[in-house]
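One-letter residues, chain by chain:
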Amino acid sequence: MLPPKSLPFIELETAPTPDASVILLHGGGGSGREFVSLVPDLVNTEQRVRFIFPDAPHIPFTLFGGHSMRAWFDVPHYELERNQDEDGIRASEAVLVRLIEQEQSRGIPCSRILIGGFSLGGSIALHTGLRYRQPLAGIMALSAYLPLAHLLDRESSACSRDTPIFIAHGLDDALVSIDLVEKSMDTLRDLGYRIDRHIFPMRHTVCLEEIFLIKEWIGKMLK
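Below is a short write-up of the structure. (Residues numbered from 1 in each chain as written. Predicted model: local features only at pLDDT ≥ 70, side-chain atom pairs only at ≥ 80, totals over all residues. Heavy atoms only, no water.)

1. Considering the pattern of salt bridges
Side chains that carry opposite charge are capable of pairing whenever their charged atoms lie near each other. One pass over the structure, following the stated rule, counts 14 salt bridges. Put simply, E79 and R82 hold a salt bridge, and the shortest N to O gap is 3.9 Å. Of the charged contacts, one joins E81 and K183 as a salt bridge, the two residues approaching to 3.3 Å between their closest N and O atoms. On the criterion of sequence distance, the pair formed by E81 in the loop between β5 (68-70) and α2 (86-105) and K183 in helix α5 (residues 178-190) is long-range, its members being 102 residues apart. By relative accessible area, which is 38% here, E81 ends up partly exposed. One network of salt bridges, in which partners are shared, links E11, E13, R50, E103 and R106. (Salt bridge = Lys/Arg side-chain N within 4 Å of Asp/Glu carboxyl O. Helix = DSSP H or I, 4+ residues; strand = E, 2+ residues; numbered from the N terminus. Buried < 20%, exposed > 50% of the residue type's maximum accessible area, 1.4 Å probe, protein only.)

2. Focus: the pairing of strand β3 (residues 49-54)
Summarising burial for β3: six of the six residues are buried, a large majority. Here β3 shows no split at all, with V49, F51 and F53 on one side and R50, I52 and P54 on the other all buried. For strand β1 (residues 9-13) and β3, the ladder comprises five bridges, and the chain directions are antiparallel. The residue bridging E13 from the neighbouring strand is R50, located in β3. (Pairing = 2+ DSSP bridges.)

3. Re the packing of α2 against helix α3 (residues 120-129)
α3 packs onto α2 with a crossing angle of 75° between their chain directions and a minimal axis gap of 9 Å. Put simply, α2 runs roughly perpendicular to α3. Here I89, R90, S92, E93, L96 and V97 of α2 come into contact with α3, specifically with I124, A125, H127 and T128. By residue class, the composition of the contact of α2 with α3 is five nonpolar, three polar and two charged. (Axes fitted to C-alpha atoms, helices over the stretch in contact; angles between N-to-C directions. Parallel < 35°, antiparallel > 145°, perpendicular 65-115°, else oblique. Contact = heavy atoms within 4.5 Å. Nonpolar A, V, L, I, M, F, W, Y, C, P; charged D, E, K, R; others polar.)

4. Quick word on helix α6 (residues 208-221)
The terminal C-alpha atoms of α6 lie 20 Å apart, and with 14 residues this matches the ideal 20 Å at 1.5 Å per residue to within 8%. If you follow the buried residues of α6, they end up packed against α1 (39-42), β6 (113-118), β7 (138-142), β8 (165-170) and β9 (195-200). (Expected span 1.5 Å × (residues − 1).)

5. Thoughts on the packing of aromatic side chains
For the coordinates displayed, the defined rule picks out four aromatic pairs. Here F61 and F64 contribute two aromatic rings whose centre-to-centre distance is 5.5 Å and whose plane-to-plane angle is 70°, an arrangement assigned as edge-to-face. By relative accessible area, F61 is classed as buried at 6%. Take F64: its relative accessible area is 49%, and that puts it in the partly exposed class. Following the ring pairs from residue to residue traces out a cluster consisting of F35, F51 and F53. (Phe/Tyr/Trp six-rings, centres within 6.5 Å; stacked < 30°, edge-to-face > 60°.)

Okay, here's the thing in structure tokens:
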């Protein structure tokens, strides 16, 4: 089952007439609402930012016995690089592209749009941002990996090579292994991407120190 062309989303603005947008995608089994309480901790008070938190569709998720849950794509195997759900990944890429273009139609230039996410959401942000045909403000991947990495060399956008990338991960993450993250970063480095990388002594989650660094990074990207 593929994501529909449009999905419900939560929208928050830190001030009237925002001049930048941040689109954040939740992890598998979550929803856009899980980011809402973090907004005051992600931007400085002087920044005028519109946050967009879309909800993934409910799909049968193989690793959960085929039960329905919100997810940006299916994961057929615990070894995440095996039997990847390319159709689901590309359908979610199209959804994120439409959200980016929606913000551009509202007057936010692409260079002021930052995309990111946690877990599967971070993987879709990374996949999409590296293929997008205009330069974005930045890409943020939290506890995520690079899907369809073997196709990136021929599919990546030339202008994305200058897009800053923030990667944060837990050393003890049992869902997305640190080895897979290192492999993803090697692929990115080999293609010349700039990576701001942070590893924390945590599992598949987000910690307070990480949130502080995200706020600092967003502030720098949208300065």
